[in-house]
Amino acid sequence: MLPTRDEMTSLSAIGGTAHHGAAAFTTTHWSVVLEAQGESPAAQQALEKLCRTYWRPIFAFLRRQGLSTEEAEDITQGFFAQLLERKSFDAVRKEKGRLRSYLLGALKYFLADEQRHAMAIKRGKGQRLISLEELRAGEQIEMEPADSITAEMIYERRWALTVLEQVLDRLKNEYRTAGNAALFDSLKQLLPDEPGSPSQAEIAADFGMTENAVRQAFYRFRQRYQSLLREEIAHTVATPGDIEDELRHLIAVVRA
């Protein structure tokens, strides 16, 4: 289900340089949040969407810190409640405003503060801001087995995998909307990380296509995937110049 690591061994393989997306960059989620400081409906909606993206890395980090499932869920809810209520991002330098780094630092401070004061976790004034039960329906989240893996490493890994999963979900939805859900499932199997993948000839036979047509379809599949990956990364940084660094970081995390 995950994209090929072979396709992610260089920046050129995942979309080229930053100038391609610079023109539309002002509409990305993180830049909207930073510019409006959370005061506008658009900024609130963007921040809530970003929170839904980052609950897995945060939850995994807390579990690795030794918290129980229930404690980790409470801390996650409390952290997001505080984030959404205070809407304070003054500590983020816009030229280096990567949401991934900001949230991890803010989470560590929040966790230390909760532990230091033994406070009851805020739950958004009685409302659960993010339904963790719904989000992890059918999904089992466990702590990483290797003792040498730190909570920070788990956070980074969950972040990278979440970004990649969202990219594939978006691509799948595009194919489904176009009536090509079955083709998506077949083309996805051509990714090198997919076990037991069929040959292009087999896919061609299944869909009544030529092998060259399948080859072109897979090329378009990869190109669109690369474009969507850049969009997802752009949503989590403050300036276009940060995109390349975040892509490099994601590649390093996936290949580690």
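Each remark here, short or long, concerns the structure printed above.
Conventions and cut-offs
- Residues numbered from 1 in each chain as written.
- Predicted model: local features only at pLDDT ≥ 70, side-chain atom pairs only at ≥ 80, totals over all residues.
- Heavy atoms only, no water.
- Phe/Tyr/Trp six-rings, centres within 6.5 Å; stacked < 30°, edge-to-face > 60°.
- Buried < 20%, exposed > 50% of the residue type's maximum accessible area, 1.4 Å probe, protein only.
- Lys NZ or Arg CZ within 6 Å of the ring centre and 35° of its normal.
- Axes fitted to C-alpha atoms, helices over the stretch in contact; angles between N-to-C directions.
- Helix = DSSP H or I, 4+ residues; strand = E, 2+ residues; numbered from the N terminus.
- Parallel < 35°, antiparallel > 145°, perpendicular 65-115°, else oblique.
- Contact = heavy atoms within 4.5 Å.
- Nonpolar A, V, L, I, M, F, W, Y, C, P; charged D, E, K, R; others polar.
- Salt bridge = Lys/Arg side-chain N within 4 Å of Asp/Glu carboxyl O.

Describe the packing of aromatic side chains, naming the residues involved and giving the relevant values.
One pass over the structure, following the stated rule, counts 8 aromatic pairs. Between the aromatic rings of Phe-79 and Phe-80, the centroid separation amounts to 5.7 Å while the plane-to-plane angle is 50°, which identifies the pairing as tilted. Residue Phe-79 is classed as buried on the basis of its relative accessible area of 2%. Over the face of the ring belonging to Trp-159 we find Arg-100, whose NZ or CZ atom lies 5.1 Å from the ring centre.

Go over the packing of helix H6 (residues 151-177) against helix H10 (residues 243-255), please, and point to the residues and values.
At a minimum axis distance of 9 Å, the contact between H6 and H10 shows a crossing angle of 110°. In this view, H6 runs roughly perpendicular relative to H10, as classed from their interaxial angle. Together, Glu-156, Arg-157, Trp-159, Ala-160, Val-163 and Leu-164 of H6 and Glu-246, His-249, Leu-250, Val-253 and Val-254 of H10 make up the contact between the two elements. Here the residues of the contact of H6 with H10 sort into 7 nonpolar, 1 polar and 3 charged.

Help me get a handle on the pattern of salt bridges, residues and values and all.
What the rule picks out here adds up to 8 salt bridges. Across the pair Glu-152 and Lys-108 runs a salt bridge whose closest N-O atoms are separated by 3.1 Å. Linking Glu-152 in helix H6 with Lys-108 in helix H4 (residues 99-117), this pair joins segments that are 44 residues apart in sequence. Taking relative accessible area as the criterion, Glu-152 reaches 29% and is therefore assigned partly exposed. With its nearest N and O atoms 3.1 Å apart, the salt bridge here joins Arg-248 to Asp-245. Of the two residues, Arg-248 and Asp-245 are both situated in helix H10; the distance of 3 residues between them amounts to about one turn of the helix. One salt-bridge network, in which partners are shared between bridges, spans Arg-100, Glu-156 and Glu-246.

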